[in-house]
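Reading the structure
Each chain is listed here by its residues.
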Amino acid sequence: SLARGVFVGVVRGAANVTEAVNSNLAGLTADDDFLDERKAHQRLITDAMSRGMTSRTFSESLYLAGASVSRGIKSGAMGVVEQPTRYASKHGPVGFVKGVGKAIVGAVVKPVVGLGDAAALLMNHVSDATSNKQIFHKIPKRMRRALPSRSVETPNCVILMPFDERAAKAQKIVT
């Protein structure tokens, strides 16, 4: 019906906006460990959904949402201790001050990101449950390795370079 379609569209739109805001907030933390852990958790959920386990119950979605919130709170609390010591060991007293600043930002932002991830998970569940269409979830694309450089001495030989994320992102933009 029209009402169902409007409701599903609004909820999916809100979930997409929430995911975009969360991605930007997570980048604000500047904590690579947190970003990697968050990406791995999202990839785990997306892989499970793409394998056909779309008939998730609401209690399972609540469990995953709670795990997202607890992961954000735990990471924020651990960052209060880890960030200052990590930066102090590398850069001395100036690094300690920088670590305290990052820890304060992380202590506020990481739980908010966890709450946002939980909200997006629940909104996606509600929209999938109320929609009568089969939903195919987006599987995040992995970055391709940048094209290898050719050797001048041996024209048929290719020199493999180590993976460079910046070069892969640049290649993704170009291709």
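The following refers to the structure shown. (Residues numbered from 1 in each chain as written. Predicted model: local features only at pLDDT ≥ 70, side-chain atom pairs only at ≥ 80, totals over all residues. Heavy atoms only, no water.)

1. Observations concerning the overall build of the protein
- When you go through the protein residue by residue, the secondary structure sums to four helices and two strands.
- Order of helices (α) and strands (β) in the protein, N terminus to C terminus: α-α-α-β-β-α.
- Counting every position in the protein, which comprises 175 residues, the buried fraction comes to 27%.
- Restricting to contacts in the protein with at least 6 residues of sequence separation, those with at least 24 account for 68%. (Helix = DSSP H or I, 4+ residues; strand = E, 2+ residues; numbered from the N terminus. Buried < 20%, exposed > 50% of the residue type's maximum accessible area, 1.4 Å probe, protein only. Contact = heavy atoms within 4.5 Å.)

2. Examining the packing of helix α1 (residues 2–28) against helix α3 (residues 58–130)
- Taken N-terminus to C-terminus, the directions of α1 and α3 make an angle of 160 degrees; their axes are 8 Å apart at the nearest point. Relative to α3, the element α1 lies roughly antiparallel. Viewed along their axes, α1 and α3 form a crossing whose handedness is left-handed.
- Of the residues assigned to the contact of α1 with α3, the class counts are 15 nonpolar, six polar and five charged. (Axes fitted to C-alpha atoms, helices over the stretch in contact; angles between N-to-C directions. Parallel < 35°, antiparallel > 145°, perpendicular 65-115°, else oblique. Left-handed = near helix turned anticlockwise from the far one by under 90°. Nonpolar A, V, L, I, M, F, W, Y, C, P; charged D, E, K, R; others polar.)

3. Describing the environment of Val8
- By the secondary structure assignment, Val8 is in helix α1.
- The residues touching Val8, leaving out its near neighbours within four places in the chain, are Ser127, Thr130 and Ser131.

4. Focus: the environment of Ser68
- Of note, Ser68 is situated in helix α3.
- Classification of Ser68 as buried rests on a relative accessible area of 2%.
- As for Ser68 and Ala119, which are separated by 51 residues in sequence, their C-alpha atoms are 9.5 Å apart.

5. Topic: the environment of Asp117
- Within the fold, Asp117 resides in helix α3.
- Its relative accessible area of 8% is what places Asp117 among the buried residues.
- Asp117 has contacts with Asn22, Arg38, Gln42, Ser68 and Arg71, leaving out every residue within four places of it along the chain.

6. Some remarks on the side chain of Gln83
- Structurally, Gln83 is set in helix α3.
- Beyond its immediate stretch of four places on either side in the chain, Gln83 contacts Asp31, Gly99, Lys102 and Ala103.

7. Observations regarding the pattern of salt bridges
- Summed over the entire model, instances satisfying the criterion amount to five salt bridges.
- The shortest N-O distance in the salt bridge between Arg71 and Asp117 comes to 3.7 Å.
- According to the relative accessible area criterion, Arg71 is buried, its value standing at 10%.
- Residues joined by salt bridges that share partners form a network here, namely Glu37, Arg38, Arg71 and Asp117. (Salt bridge = Lys/Arg side-chain N within 4 Å of Asp/Glu carboxyl O.)

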